[in-house]
Protein chains: 2
Amino acid sequence: MKLSNRAYQVQESPIRKLMPYALEAKKRGIKIYHLNIGQPDIETPTVMIDAYKNYDEKVLGYGPSQGLEQYREGLAYYYNKLGIDVDADDIMVTVAGSEAILFSLIATCNQGDEIIIPEPFYTNYNGFATMAGVKIVPLTTYAENGFELPAADKIEALVTSKTKAILLCNPGNPTGAVYSKQELRQVVQVAKKHDLFVISDEVYREFVYDGLEHTSILSREGIEDRAIVVDSVSKRYSACGARVGCIVSKNKALMAAILKFAQARLCPATIDQIAANACLQLGDDYFEHVIKEYDKRRNIVFHELKEHPEIVCAKPGGAFYIFPKLPVKDAEKFIIWMLQEYNIDNETVMAAPACGFYATPGKGNNEIRIAYVLNEEALKKAMKILLTGLDIYREIESKQ
Amino acid sequence: MKLSNRAYQVQESPIRKLMPYALEAKKRGIKIYHLNIGQPDIETPTVMIDAYKNYDEKVLGYGPSQGLEQYREGLAYYYNKLGIDVDADDIMVTVAGSEAILFSLIATCNQGDEIIIPEPFYTNYNGFATMAGVKIVPLTTYAENGFELPAADKIEALVTSKTKAILLCNPGNPTGAVYSKQELRQVVQVAKKHDLFVISDEVYREFVYDGLEHTSILSREGIEDRAIVVDSVSKRYSACGARVGCIVSKNKALMAAILKFAQARLCPATIDQIAANACLQLGDDYFEHVIKEYDKRRNIVFHELKEHPEIVCAKPGGAFYIFPKLPVKDAEKFIIWMLQEYNIDNETVMAAPACGFYATPGKGNNEIRIAYVLNEEALKKAMKILLTGLDIYREIESKQ
């Protein structure tokens, strides 16, 4: 039986594809520090878990396709507090950020159309692009300058008659880059000049460090009808398993089209939305506490990496990832070796090999993504194992 | 800003598009009996609600992309009890039946490929087909013979070089038709002869009446590698808001491809899966009770419709819908009139106009779908209002 072309083409998750090696290691009694996946260990807020416990309807029914009205109103208030001028009708609740990305792509792009994405980028954009039949055109950014966005002319050079949107992740997964107002200004300029949408994945909005300020694409003037924000509670409230996200846009025609796609799948899960809504009552102190914790971890990981003279690594300004360039030829082989061959006292480390985060072939072969989602002590141990393993592996690799 | 072609083409849900008229009627103080949407009033099992209440993890984390292992094993046991020989690896948990349909289409069809679907069909297949760029080729069935499947040669006449699958809904939404082994044999024959997949939406599996037996496509011999079952807990356990479904297939290559699509969206909601899993402990007595209740309702609705000499109506063998042909020119106008102009003691009825359930233009103009998802008393009242309204509307229509 022949499957569709997209079934053969769709990328296997580079974050998850090495899991069989991890399972095999676990069977041998090896403990693995998982730095490969953005699954925070921060506790989900009690107020959210309590919302599940307090559900007391007799019939767990469908909600509206655009999401529960009360939740959409709560979200509007959340964005307003951030200085983003939207109301409930500009918001559509989605099945996590994932569905928000898929809907954004299919509503803006025809089959064969192109979107420009700074690479390295969140690898699952590949899967949604394949599903939607959209071609990703990479705009390469570099560890050496903190993955900053190239100037407008570099972006423009990639625009063709098929380009429909620029997709940003800000703060960036996997780079941790936080785009400045100046960087965003250039994107806005290109979008206006070439009549493009700007899809901005802002799920890590709160996680910025060193006094940096996050700038939402929705706060930029003059592109109200071009800006589409993709959002999610997964990282914000350590609630990856809730699968609640949203799309925010002031483009009424776009939101009407997305509502029609959303009607086909009826609605997002009802109780998970109620639980997500409960999180909106959390005050700033919640984020202060969580950001402080991530910041501490970021400093640990960055410090350890910088100690190594042959690792190139930009200090990330946001999110909870760090994306170092290692002195190896093939980072994927290194990760597999760590899982198969290496341990200290029966403990080893798993990170995500980086080539799956690039669309340009060959890019990222010597890079990895580290998610600093473990506590301080675990992270220190994991970094020690990773870096001692690295030096041993380099010797083995040099002899091959 | 120009949107994508599919954004303009995607069908507005014919089930939900008349909601503004309903909201407007409610504002005028009118009570509406909702027969338009398959939202059961049957209580969600306590064991399921309790599963939400009993969640006690500290971090609401991602689950596996293919679904929680324990749940997949429970599902395998559920299918085994039905005589369907599958194991956990043949099952992928999805975000309700909706995602199962989307994944089935994108994994089997290229852009521009065709699937044959008996019409009238579940209208949201249109939305997923538009998202996937797949063309629906309708195989018309008729109220007059209970919407039975046409013979193999009629199906074959629709096969082209672009046909990739036949999609059945069995028991049928919106028709209530339950396909016999003989009808399925013809589908299997065509699928084998023309190398097609058979996607079978069996979310109403348990709801069959009059001693009929449901036959799953997975139980048919000789098409193990062609059969794809789409399933969901929504109707089975009155849990439409949980958004938990699955895909079942013994075609390993297909399941591997679908896993890659599933990895892009990470996982289905974690707690909802735990809650769905809890339902698997319900015994046969649960379904006996629910089926008895739906059967009673079916008889009420069918009896009322049959009393009207000019309504054509097949007694449905399954699901919880009935699909009568009314003596009006335009059933959608009739439904809108019921919402805008008609009431008995400030109560009126909303049903789903049928043309959105057909792909053939002009078909279904005088048909509606009634979902018998209200209790006996409410249903009797609703049918009285609907049928008295119908006779008044006919007079008005005849004068236009």
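Residues numbered from 1 in each chain as written. Chains lettered and ligands numbered in written order. Predicted model: local features only at pLDDT ≥ 70, side-chain atom pairs only at ≥ 80, totals over all residues.

## Some details on the overall build of chain A
In terms of helices and strands, chain A carries 13 helices and 12 strands. For 400 residues, the compact-globule estimate of 2.2 N^0.38 gives 21 Å, and chain A sits close to it at 21 Å. Seen through its C-alpha atoms, chain A measures out along the principal axes to roughly 60 × 55 × 55 Å. Residue burial in chain A is summarised as follows: out of 400 residues, 57% are buried. Relative to all contacts within chain A whose residues are 6 or more apart in sequence, the contacts with residues 24 or more apart total 76%. (Helix = DSSP H or I, 4+ residues; strand = E, 2+ residues; numbered from the N terminus. Rg over C-alpha atoms; globule rule 2.2 N^0.38 Å. Buried ≥ 20, exposed ≤ 12 C-beta atoms within 10 Å, placed from the backbone. Contact = placed C-beta atoms within 7 Å.)

## Quick word on the sheet that holds strand β8 (residues 245-248) of chain B
Residue and element names in this part refer to chain B. Across the sheet, which stays open at both edges, the 7 strands sit in the order β2-β8-β7-β6-β5-β3-β4 with mixed pairing between neighbours. Every other strand in the sheet has two partners, leaving β2 (91-94) and β4 (135-140) as the edge strands with one partner each. Recorded for the sheet is a direction-independent mean angle of 25° between the axes of neighbouring strands. With 4 bridges joining them, β2 and β8 adopt antiparallel strand pairing. When the bridges of β8 are listed, V93 appears paired with C246. Together, β2, β5 (163-169), β6 (197-201), β7 (227-232) and β8 form the strand contacts of helix α5 (residues 96-108), whose direction differs from that of β7 by roughly 160°. (Pairing = 2+ DSSP bridges. Axes fitted to C-alpha atoms, helices over the stretch in contact; angles between N-to-C directions.)

## Topic: the domain arrangement of chain A
Residues and elements named next belong to chain A. By the assigned domains, chain A splits into domain 1 (5-43 + 285-399) and domain 2 (46-279). One C-alpha centre belongs to domain 1, the other to domain 2; they are set 26 Å apart. Taken together, the contact pairs 38 residues of domain 1 with 35 residues of domain 2. Mapped onto the side of domain 1 that touches domain 2, the elements with two or more residues apiece are α1 (5-9), α11 (284-307) and β9 (321-322). The element contributing the most residues to the side of domain 1 that touches domain 2 is α11, with 5 residues. The class makeup of the residues in the side of domain 1 that touches domain 2 is 21 nonpolar, 10 polar and 7 charged. (Domains from an automatic or database assignment. Nonpolar A, V, L, I, M, F, W, Y, C, P; charged D, E, K, R; others polar.)

## Notes on the sheet that holds strand β6 (residues 197-201) of chain A
All names here are of chain A. Taken in spatial order, the 7 strands make up an open sheet running β2-β8-β7-β6-β5-β3-β4, and their pairing is mixed. Only two strands of the sheet have a single partner each, and these edge strands are β2 (91-94) and β4 (135-140). On average, each strand axis in the sheet is inclined to that of its neighbour by 25°, with strand direction left out of account. The strands that helix α5 (residues 96-108) touches are β2, β5 (163-169), β6, β7 (227-232) and β8 (245-248); relative to β7, the one it contacts most, it runs at about 160°. Those strands touched by helix α8 (residues 181-194) are β5 and β6, and its axis lies near 165° from that of β5.

## Focus on the nonpolar core
The nonpolar side chains of a soluble globular protein tend to be buried with one another. In terms of nonpolar packing, the biggest core is built from 283 residues, with I166 and V198 of chain A together with I166 and V198 of chain B touching the most fellow members. With residues up to four places along the chain from it excluded, the contact list for V198 of chain B reads A165, I166, L168, V187, A191, I217, I223, R226 and A227 of chain B. (Core = buried A, V, L, I, M, F, W, Y, C linked by C-beta atoms within 7 Å.)

## Brief notes about the relation of the copies chain B and chain A
The transformation that overlays chain B on chain A combines an axial shift of 0.0 Å with a rotation of 180°, and the residual RMSD is 0.0 Å. Here the symmetry operator amounts to a two-fold rotation axis. Considering only C-alpha atoms, the part of chain B nearest the rotation axis is K53 of chain B, at 1.8 Å. When the interface residues of chain B are mapped onto chain A, 100% of them again lie at the interface, so the same face is used by both copies. (Least-squares fit on C-alpha atoms with pLDDT ≥ 70 in both.)

## Notes on the interface of chain B and chain A
Taken residue by residue, the interface counts 63 residues in chain B and 63 residues in chain A. Elements supplying a minimum of two residues to the side of chain B that touches chain A: α1 (5-9), α3 (46-53), α5, α6 (124-132), α9 (252-264) and α10 (270-279) of chain B. By residue number, the principal contributor to the side of chain B that touches chain A is α9 of chain B, which donates 7 residues. By residue class, the composition of the side of chain B that touches chain A is 29 nonpolar, 21 polar and 13 charged.

## Examining the pairing of β8 of chain B
Residues and elements named next belong to chain B. In β8, alternate side chains face the same way, and those of G245 and I247 on one face and C246 and V248 on the other are all buried. Alignment of β7 against β8, held across 4 bridges, turns out to be antiparallel. Looking across to β8, one finds that V230 is bridged to I247.

## Re the environment of R6 of chain A
Take R6 of chain A: it is sitting in helix α1. Residues R6 of chain A and F320 of chain A, spaced 314 residues apart in sequence, show a C-alpha to C-alpha distance of 31 Å. Beyond its immediate chain neighbours, meaning those up to four positions away, R6 of chain A contacts T130 and M131 of chain A together with I106 of chain B.

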